[in-house]
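Understanding the architecture of this molecule
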Amino acid sequence: MLLSYHECLEKYGTDYRIKKNIQEGHLFITEKGLYSEDRYVPELEIIMKKYPNAILTLNSAFYYYGLTDTIPDHYYVATPKSNRKIEDTRVKQIYENSNAFEMGKTTIEYDGVDITIYNEERLLIELIRNKRKFSFDLYKEIISNYRKRIHKMDMTQIMEYAYELPKTNMVMETIRLEIL
């Protein structure tokens, strides 16, 4: 379980007790300002705790949903345009229009870690909107996997997202030609 410094203060009472638990091996420093009662914590859990307002998207989300087997080099996270820049080399930040930021936000469990991520319907729209950011092979792999899942997905929701987000006509035409 990951704890922030303030959560540690609530649990242990004082800074002295926090340091004492660290010395005794009951508490571990995972990163600056983050503590854990377990010696090893998955990096994904650290990222989710460190950036609680971020939503996993694009390459990361496609991997966690099993739409690709390509492990992303970074954690791709969406944040509102008003957020400050994330200064973390492990993270690629994508600024999203504040009105559309929460659209399709959901939580799933991946390897025992609860992650905030866009749903598959929203990610289909993001894939098409950002088609040029992907290699041809990766794009085709993800599209191919969407073709296999499209009948289990909520088409009404996909249409709503397409009309709310930029590039509506291009997105709808691509879905018609490449997915359906």
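Here the structure is a predicted model, which means the values were calculated and not measured.

1. Remarks on the overall build of the protein
Per the secondary structure count, the protein includes eight helices and eight strands. Counting over 180 residues, the protein shows a buried share of 47%. Across the protein, every contact between residues at least 6 apart in sequence was considered, and the portion connecting residues at least 24 apart equals 54%. If you sum the accessible surface of the protein, you get close to 10,600 Å²; carbon and sulfur atoms cover 48% of it. When the 26 positive and 28 negative side-chain charges of the protein are each reduced to one mean point, those points stand 5 Å apart.

2. Remarks on the packing of aromatic side chains
If you walk through the whole model with that rule in mind, you get five aromatic pairs. Here Y63 and Y64 contribute two aromatic rings whose centre-to-centre distance is 5.6 Å and whose plane-to-plane angle is 65°, an arrangement assigned as edge-to-face. The exposure class assigned to Y63 is partly exposed, which follows from its relative accessible area of 22%. Relative accessible area serves as the criterion here: at 12%, Y64 is assigned to the buried category. What links up through ring pairs into an aromatic cluster is the set Y63, Y64 and Y110. Positioned above the aromatic ring of Y118, the side-chain terminus of R122 is 4.2 Å from the ring centre.

3. Quick word on the packing of helix α1 (residues 5–12) against helix α2 (residues 15–24)
Across the interface, α1 lies against α2 with an axial gap of 8 Å and an inter-helix angle of 95°. Our classification of the angle between α1 and α2 gives roughly perpendicular. Here Y5, C8, L9 and Y12 of α1 lie close against α2, whose contacting residues are D15, R17, I18 and N21. Partitioning the contact of α1 with α2 into residue classes produces five nonpolar, one polar and two charged.

4. Quick notes on the pairing of strand β2 (residues 28–31)
Across three bridges, β2 lies against strand β3 (residues 34–36) in antiparallel orientation. Bridge pairing in β3 links I29 to Y35. Two successive antiparallel strands, β2 and β3, enclose a turn made up of two residues, where G33 displays a positive phi of approximately 85°.

5. A closer look at the sheet that holds β2
Pairing is antiparallel in the open sheet, where three strands are placed in the order β1-β3-β2. Because the sheet does not close on itself, it has two edges, and the strands there are β1 (2–4) and β2. Taken pair by pair, the neighbouring strands of this sheet meet at an average axis angle of 40°, ignoring direction. Sheet contacts for α1: β1 and β3; angle to β1, the most-contacted strand, approximately 95°.

6. A closer look at the side chain of E96
Within the secondary structure layout, E96 lies in strand β6 (residues 91–96). Once residues within four sequence positions are removed from consideration, E96 is found in contact with T79, P80, K81, F101, Y118, R122, E126, R129 and L165.

7. A closer look at the pattern of salt bridges
In this structure the tally under the stated criterion is 16 salt bridges. With a closest N to O distance of 3.8 Å, K50 and D88 form a salt bridge. Of the two residues, K50 is situated in helix α3 (residues 43–50) and D88 in the loop between β5 (75–80) and β6; the sequence distance between them amounts to 38 residues. The exposure class assigned to D88 is buried, which follows from its relative accessible area of 10%. One salt bridge in this structure joins R149 and E120, with 2.5 Å as the shortest N-O distance.

8. Some thoughts on the nonpolar core
Of all hydrophobic cores here, the largest spans 48 residues; its most connected members are F62, I115 and Y146. Residues within four places of I115 in sequence aside, it is in contact with L44, M48, L56, Y64, T106, T107, I108 and Y110. Grouped together as the second largest cluster of nonpolar side chains are six residues, L3, C8, Y12 and Y35 included.

Reading guide: rules and limits
Residues numbered from 1 in each chain as written. Predicted model: local features only at pLDDT ≥ 70, side-chain atom pairs only at ≥ 80, totals over all residues. Heavy atoms only, no water. Helix = DSSP H or I, 4+ residues; strand = E, 2+ residues; numbered from the N terminus. Buried < 20%, exposed > 50% of the residue type's maximum accessible area, 1.4 Å probe, protein only. Contact = heavy atoms within 4.5 Å. Areas by Shrake-Rupley, 256 points an atom, 1.4 Å probe, with all protein chains shown as cover. Lys, Arg positive; Asp, Glu negative; His and termini not counted. Charge placed at Lys NZ, Arg CZ, Asp CG, Glu CD. Phe/Tyr/Trp six-rings, centres within 6.5 Å; stacked < 30°, edge-to-face > 60°. Lys NZ or Arg CZ within 6 Å of the ring centre and 35° of its normal. Axes fitted to C-alpha atoms, helices over the stretch in contact; angles between N-to-C directions. Parallel < 35°, antiparallel > 145°, perpendicular 65-115°, else oblique. Nonpolar A, V, L, I, M, F, W, Y, C, P; charged D, E, K, R; others polar. Pairing = 2+ DSSP bridges. Salt bridge = Lys/Arg side-chain N within 4 Å of Asp/Glu carboxyl O. Core = buried A, V, L, I, M, F, W, Y, C linked by side-chain atoms within 4.5 Å.

None of the figures reported here should be taken as evidence of function without further support.
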